[in-house]
Amino acid sequence: MKISKHKWGEPDRSDPYSTRRQCTRCPTVKVTRKEHPQYWTEFWRDGVRVSVDKTPACEPVRAPQQQEVAHQ
Ligand SMILES: [Zn+2]
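Please read all numbers here as calculations on a predicted model, not as lab measurements. (Residues numbered from 1 in each chain as written. Predicted model: local features only at pLDDT ≥ 70, side-chain atom pairs only at ≥ 80, totals over all residues.)

Q: Looking at this structure, I do not really get the pairing of strand β2 (residues 18-22). What am I missing?
A: Within a regular strand, the side chains alternate between the two sheet faces. Pairing of strand β1 (residues 12-15) with β2 involves two bridges; the strand directions are antiparallel. For D15, the partnering residue across the bridge sits in β2 and is S18. Pairing analysis gives five bridges linking β2 to strand β3 (residues 28-35), with the strands arranged antiparallel. Within the sheet, the bridge partner assigned to Q22 lies in β3 and is V29. Between the end of β2 and the start of β3, which pair antiparallel, lie five residues. (Pairing = 2+ DSSP bridges. Helix = DSSP H or I, 4+ residues; strand = E, 2+ residues; numbered from the N terminus.)

Here's what the structure looks like:
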């Protein structure tokens, strides 16, 4: 089974203690936290923190079907 790697987008450094990178292919967000003399990485998906020890697979999901207002 092939594991896809994430394609991280531009880092968001609005928070001085963490850097967020949104995967451009799936909902996973990589957060690099910097506190004290150490730093660590967290992975978030749909607002839930997922495995910290290893990078979760990149699993693109189908975009939710959004009903756009059609021209009449
Ligand atoms: Zn991904």
